[in-house]
Amino acid sequence: MFSPLSGAIRRLSLALGVIAGAGTALLMLTVVPDLFSRSFLGEAVYGMAETGIFLLVLIVYLALGSAQVRKEHFHVGVLDTLIGRDAQRWVWVLRFALSALVCGVFTWYASKGAIDSTLSLEQSYAVIEYPIWPAKIVVALGLLLLTVQFLMDLVDALTTPQYLPDGGHEGAPDHAGEAP
């Protein structure tokens, strides 16, 4: 079962996934006027390209934790079909441990970059000045939540004898995002 803290983290990841989805709509709202202006007026809307880049970062990185909560990340299951149920569980434990380790390294690096960028108020200087540091914070936050989600999945796989990789357990209802 999940503690109230892990349930809250799962709900936060799902909520950030909703924000990432809203970012997709916002991206459309920035691209369409820019395309219209370029096509019919011959002039770009200043700042739209930079805003689009930030929105793409937001869409991708805020959705990572949500995708893991819902078990929507892809995996190659060839090995899973060749081994028994108990061995599958330990393969998932290894997958989650390696994923958490790799994601943790990326999180550390992104967090260090976000801190340095924020302290220097890093800007891009293309057509307009545009702050880069908020995007770096989003990357670090998204990777942090994904790392935490991998760790929670690792604990779940270790402590649940009948662990199923789709987020459920044999004989138990789906509990993604719910508090105990």
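Our subject is the structure listed above.
What counts and how
Residues numbered from 1 in each chain as written. Predicted model: local features only at pLDDT ≥ 70, side-chain atom pairs only at ≥ 80, totals over all residues. Heavy atoms only, no water. Helix = DSSP H or I, 4+ residues; strand = E, 2+ residues; numbered from the N terminus. Buried < 20%, exposed > 50% of the residue type's maximum accessible area, 1.4 Å probe, protein only. Contact = heavy atoms within 4.5 Å. Areas by Shrake-Rupley, 256 points an atom, 1.4 Å probe, with all protein chains shown as cover. Axes fitted to C-alpha atoms, helices over the stretch in contact; angles between N-to-C directions. Parallel < 35°, antiparallel > 145°, perpendicular 65-115°, else oblique. Left-handed = near helix turned anticlockwise from the far one by under 90°. Nonpolar A, V, L, I, M, F, W, Y, C, P; charged D, E, K, R; others polar. Expected span 1.5 Å × (residues − 1). Bend = angle between axes of the 7 residues up to and from the residue. Patch = residues over 30% accessible without salt bridge, like charges linked within 9 Å, V, L, I, M, F, W, Y side chains within 5 Å. Salt bridge = Lys/Arg side-chain N within 4 Å of Asp/Glu carboxyl O. Core = buried A, V, L, I, M, F, W, Y, C linked by side-chain atoms within 4.5 Å.

(A) Spatial organisation of the overall build of the protein chain. Scanning the protein chain for helices and strands turns up 5 helices and 2 strands. Beginning at the N terminus, the succession of helices and strands in the protein chain can be written as α-α-α-α-β-β-α. Counting every position in the protein chain, which comprises 180 residues, the buried fraction comes to 37%. In the protein chain, of all internal contacts separated by at least 6 residues, the share reaching a separation of at least 24 is 71%. Surface exposure of the protein chain reaches about 10500 Å², of which carbon and sulfur atoms provide 73%.

(B) Layout of the packing of helix α4 (residues 85-119) against helix α5 (residues 133-159). Contact pair α4 / α5: the axes reach a minimum separation of 7 Å and the direction vectors enclose 160 degrees. It follows from the interaxial angle that α4 and α5 lie roughly antiparallel. For the pair α4 and α5, the crossing hand works out as left-handed. Classifying every residue of the contact of α4 with α5 gives 21 nonpolar, 9 polar and 3 charged.

(C) Structural view of helix α2 (residues 48-69). The terminal C-alpha atoms of α2, which comprises 22 residues, lie 32 Å apart, in line with the 32 Å expected from a rise of 1.5 Å per residue. At Ala63, α2 shows its largest kink, close to 35 degrees. Looking one or two residues past α2, Lys71 carries a phi angle of roughly 60 degrees, positive in sign.

(D) Spotlight on a nonpolar patch on the surface. Taken together, the side chains of Leu94, Leu98, Leu101, Val102, Val105 and Phe106 present a nonpolar region at the surface, about 580 Å² in accessible area. Along the chain, the position of Val102 falls in helix α4.

(E) The nonpolar core, seen in detail. If you look at the biggest cluster of nonpolar residues, it comprises 26 residues, and the most contacted ones within it are Leu62, Phe96, Leu143 and Phe150. Broken down by secondary-structure element, the contributors of at least two residues to this core are α1 (4-41), α2, α4 and α5. When residues of this core are assigned to their parent elements, the largest contribution, 11 residues, is made by α5. Residues within four places of Phe150 in sequence aside, it is in contact with Gln68, Phe96, Ser99, Ala100 and Cys103.

(F) Expanded view of the environment of Met152. With respect to the helices, strands and loops of the structure, Met152 is situated in helix α5. A relative accessible area of 11% places Met152 in the buried class. Expressed as a C-alpha distance, the spacing of Met152 and Val69, which sit 83 residues apart in the sequence, is 9.7 Å. Those residues within four positions of Met152 in sequence are excluded, and the remaining contacts are Ser6, Ile9 and Arg10.

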